Amino acid sequence: SLKWDFNDLKTGDEKRDKEMIKWLGGGKPAGTFTFGKSWIDAAGKSYAEGELTINSISQTISFPYTLERNGGWLIIDGTAKMDYQNFKLPIIRNMAVMTVDPKLTVRFHLTGQVK
């Protein structure tokens, strides 16, 4: 299982980070991912599936990933696609004209020490 506080996630734009926390309801919004299973498709690509919880709503998601071992460290990179409306989050509008597509692609990079 992975757990995080959205306040710890940085987009590289401090104003955007503050707006994200406000959009998530303020305070210390948290997320979790609980691993369920993995598989390798016919082309040799690795996939993972599990429960993603955001805004107290859980959804099963699956996504491709790569895993690299570097000495005592593991490096996991992946790309997950999801619709933020499935987590009961409001449509993001800017200046009442522009709308952020609710179908997001989230890229992640995790590094952890093997114990």
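Everything below is about the structure printed above this text.
Residues numbered from 1 in each chain as written. Predicted model: local features only at pLDDT ≥ 70, side-chain atom pairs only at ≥ 80, totals over all residues. Heavy atoms only, no water.

S.K.: What's the story with the overall build of the protein chain in this structure? I'm lost.
M.R.: Secondary structure assignment for the protein chain yields one helix and eight strands. Start at the N end of the protein chain and walk to the C end: the helices and strands fall as β-α-β-β-β-β-β-β-β. Along the first, second and third principal axes, the C-alpha atoms of the protein chain reach 45 × 30 × 25 Å. Per-residue burial over the protein chain gives 23% buried out of 115 residues. Long-range contacts, defined here as pairs at least 24 residues apart, represent 43% of the contacts in the protein chain between residues at least 6 apart. As displayed, the protein chain offers around 8300 Å² of accessible surface, 54% of which is attributable to carbon and sulfur atoms. Averaged over its 16 positive side-chain charges, the protein chain has a centre that lies 2 Å from the centre of its 13 negative ones. (Helix = DSSP H or I, 4+ residues; strand = E, 2+ residues; numbered from the N terminus. Buried < 20%, exposed > 50% of the residue type's maximum accessible area, 1.4 Å probe, protein only. Contact = heavy atoms within 4.5 Å. Areas by Shrake-Rupley, 256 points an atom, 1.4 Å probe, with all protein chains shown as cover. Lys, Arg positive; Asp, Glu negative; His and termini not counted. Charge placed at Lys NZ, Arg CZ, Asp CG, Glu CD.)

S.K.: Got a minute to help me understand the nonpolar core in this structure?
M.R.: For soluble globular proteins, the rule of thumb is that nonpolar side chains tend to be buried together. In this structure, L52, I54 and F63 are the most contacted members of the largest nonpolar core, which totals 16 residues. Among the secondary structure elements, those contributing two or more residues to this core are α1 (14–23), β3 (46–54), β4 (57–70) and β5 (73–83). Not counting residues within four places of it along the chain, the set of residues in contact with L52 comprises W4, T32, F33, I57, S58, Q59, I61, M82 and F87. (Core = buried A, V, L, I, M, F, W, Y, C linked by side-chain atoms within 4.5 Å.)

S.K.: For this particular structure, what's the right way to read the layout of surface pockets?
M.R.: If a probe as big as a water molecule is rolled over the atoms, it shows which places are left empty. Looking at the largest pocket, its volume works out to about 1800 Å³. F6, L9, M20, M82 and V106 are the residues nearest the centre of the largest pocket, which is lined by 48 residues in total. Per-element tally for the lining of the largest pocket: the top contributor is strand β8 (residues 103–113), with nine residues. (1 Å grid on protein atoms, 1.4 Å probe; cavity = no way out; pocket = protein on both sides within 12 Å on 5 of 7 lines; lining within 4 Å. Points joined across faces, edges and corners; volume = space filled by probe spheres on them.)

S.K.: Where do I start with the pairing of β4 in this structure?
M.R.: Looking along a regular strand, one sees the side chains alternate between the two faces of the sheet. Pairing of β3 with β4 involves nine bridges; the strand directions are antiparallel. Its bridge partner lying in β4, I54 is registered against I57. Counted along the chain from β3 to the antiparallel partner β4, the turn is two residues long, and its residue N55 has a positive phi close to 60°. (Pairing = 2+ DSSP bridges.)

S.K.: Quick question: what am I supposed to make of the side chain of D83 here?
M.R.: Mapped onto the fold, D83 is located in strand β5. From its side chain, D83 meets the backbone nitrogen of Q85 in a polar contact 2.9 Å long. (Polar contact = N/O pair within 3.5 Å; in protein donor to acceptor, adjacent residues only side chain to side chain.)

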